[in-house]
Amino acid sequence: MELRHLQHFVAVAEDQHFTRAAERLLVSQSGLSASIRALERELQTPLFVRTTRRVTLTPAGRALLCEAERILAQVRAAHEAVAAVQGVLRGMLALGSEQCIAGVHVAGLLAAFRREHPDVEICLRQAGSGALAEEVAAGRLDMAFAVRAAQEDTEQLRVVPLYGEPMTVLCHPSHRLAAAGAAVTPEELGGEVFVDFHPDWGPRRTTDAVFAAAGVRRSVALEVNDVHSLLDLVDENLGVAVVPRHFRHKRPTLTALPVKDTDETVYETVALLPPAQATSPAARALMALLQTEGE
């Protein structure tokens, strides 16, 4: 099995189209098709279902994709490790991050990283913590900044704590909670209309865990995928939100109230990394830079 066959296979799987994949790889479509056929002959099974409009993975193709991505990530890490020993950090840093992560200024950190390592190409992907954990474990991302929630160490994933803070209730100034002006318990919030994120996002997972621990059921009537939409809905008094404390600075006109009977560090920012031996030099350099800036 040749590496180029795996590279071609992953590209077709990502693009779901032979022509687009060939254009991206700068190879001929006939050459790409021949490469996939050679891989299918070696594995003695079809990897794609081909139609006139698109191609999709067979069950065997789906099984191969996870392993192929992991193998290619390890090969890339090996090349980068050799370059690092020679004194030059190059290659690619594939980074993932949640929105508005607490305790890490992602843009500033990447700017500092680029100044120190101009030969490294930076690729950034924004997604929820659950998806980011899967991407790091599969080798599609070198590392990610996420929210711990239910994330724990596995054979493919390391969870490194970075920063913790409490959760806060945000509501409109005319809301009854704002008039009381006091910290509230999850029980006192049980009957409210909630604005919150998609269940894959870290703040939503954290809030769900807080209410579950208190034995309080709640329903999210207004579900969004970005911070500004959440704040806009609360600003129109359409609901309340339980969010990480630093969100209160993004819309000072809203009333922020502490949540009683919860851990002061219940919301925890973490770095998600592969096992130490599989961590790329670029990811190690970014973590070192983060630790230096935090001192």
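An unreviewed UniProt entry annotates the protein chain as LysR family transcriptional regulator of Streptomyces ferrugineus. Looking at the Sequence similarities (unreviewed entry) heading of the UniProt record, one finds this comment for the protein chain: "Belongs to the LysR transcriptional regulatory family."

Observations regarding the overall build of the protein chain
A tally of helices and strands in the protein chain yields ten helices and twelve strands. Projected onto its principal axes, the C-alpha positions of the protein chain cover 70 × 50 × 30 Å. By the burial criterion, 47% of the 295 residues in the protein chain qualify as buried. A fraction of 72% describes how many contacts in the protein chain between residues 6 or more apart in sequence connect residues 24 or more apart. Carbon together with sulfur atoms contributes 52% to the accessible area of the protein chain, which is approximately 14600 Å² in total. Computed over 29 positive and 37 negative side-chain charges, the separation of the two mean positions in the protein chain equals 6 Å.

Focus: the UniProt feature "domain: HTH lysR-type" (unreviewed entry) in the protein chain
With numbering matched to this structure, UniProt assigns "domain: HTH lysR-type" (unreviewed entry) to residues 1-58. Counted over residues 1-58, helix gives 62% and strand 10%. Its end C-alpha atoms are 19 Å apart.

As for the pattern of salt bridges
As enumerated under the stated definition, the model contains 17 salt bridges in all. The shortest N-O distance in the salt bridge between Arg125 and Glu135 comes to 3.3 Å. Here Glu135 lies in helix 6 (residues 129-137) and Arg125 lies in strand 4 (residues 120-126), a separation of ten residues in the sequence. By relative accessible area, Glu135 is classed as buried at 15%. Taking the shortest distance from any N to any O, the salt bridge between Arg176 and Glu192 comes out at 2.6 Å.

Details of helix 1 (residues 3-15)
An α-helical segment advances 3.6 residues per turn. Residues three or four places apart therefore align on the same side. In a regular helix each residue adds 1.5 Å, so 13 residues correspond to 18 Å; helix 1 covers 18 Å between its end C-alpha atoms and thus fits that length. Buried residues of helix 1: His5, Leu6, His8, Phe9, Val10, Ala11, Val12, Ala13 and Asp15, and no others. In the stretch just after helix 1, Gln16 is the one whose phi turns positive, near 55°.

Re the sheet that holds strand 5 (residues 143-147)
Spatially, the five strands line up as an open sheet ordered 4-3-5-12-6, and their pairing is mixed. This sheet does not close on itself; its edge strands, each paired only once, are strand 4 and strand 6 (158-165). Averaged over neighbouring strand pairs, the angle between their axes works out to 20° when direction is ignored. Both strand 3 (residues 91-97) and strand 4 contribute to a ladder of seven bridges, which runs parallel. Across the sheet, Leu95 pairs through a bridge with Leu124, a residue of strand 4. Packed on one face of the sheet, helix 6 meets strand 3, strand 4, strand 5 and strand 12 (267-273) and runs near 155° to strand 5.

As for the side chain of Glu192
By the element assignment, Glu192 lies in the loop between helix 7 (176-180) and strand 8 (194-197). Separated by 3.0 Å, the side chains of Glu192 and His175 make a polar contact. Dropping the residues within four chain positions of it, Glu192 is found in contact with His175, Arg176, Leu177 and Val240.

Considering the state of the cysteines
Enumeration over the complete set of coordinates arrives at zero disulfides. Lacking any disulfide linkage, Cys171 is separated from the closest cysteine sulfur, that of Cys100, by 20 Å.

Topic: the packing of aromatic side chains
The geometry of an aromatic ring pair is captured by the separation of the ring centres together with the interplanar angle, meaning the angle of the planes. Throughout the structure, instances matching the rule amount to four aromatic pairs. An aromatic cluster is built from Phe9, Phe18 and Phe48, whose rings are joined through pairwise contacts.

Quick notes on the sheet that holds strand 10 (residues 241-244)
Within a sheet, adjacent strands bond to each other through the backbone by hydrogen bonds, running parallel or antiparallel. Here we have three strands laid out as an open sheet, ordered 10-7-11, and antiparallel in their pairing. Only two strands of the sheet have a single partner each, and these edge strands are strand 10 and strand 11 (255-258). Shown here is a sheet whose adjacent strand axes are inclined to one another by a mean of 40°, direction ignored. As judged from the four bridges shared by strand 7 (residues 167-171) and strand 11, these two strands associate in the antiparallel manner.

What counts and how
Residues numbered from 1 in each chain as written. Predicted model: local features only at pLDDT ≥ 70, side-chain atom pairs only at ≥ 80, totals over all residues. Heavy atoms only, no water. UniProt positions renumbered as here; feature names shortened; annotations may be inferred. Helix = DSSP H or I, 4+ residues; strand = E, 2+ residues; numbered from the N terminus. Buried < 20%, exposed > 50% of the residue type's maximum accessible area, 1.4 Å probe, protein only. Contact = heavy atoms within 4.5 Å. Areas by Shrake-Rupley, 256 points an atom, 1.4 Å probe, with all protein chains shown as cover. Lys, Arg positive; Asp, Glu negative; His and termini not counted. Charge placed at Lys NZ, Arg CZ, Asp CG, Glu CD. Salt bridge = Lys/Arg side-chain N within 4 Å of Asp/Glu carboxyl O. Expected span 1.5 Å × (residues − 1). Pairing = 2+ DSSP bridges. Axes fitted to C-alpha atoms, helices over the stretch in contact; angles between N-to-C directions. Polar contact = N/O pair within 3.5 Å; in protein donor to acceptor, adjacent residues only side chain to side chain. Disulfide = S-S within 2.5 Å. Phe/Tyr/Trp six-rings, centres within 6.5 Å; stacked < 30°, edge-to-face > 60°.

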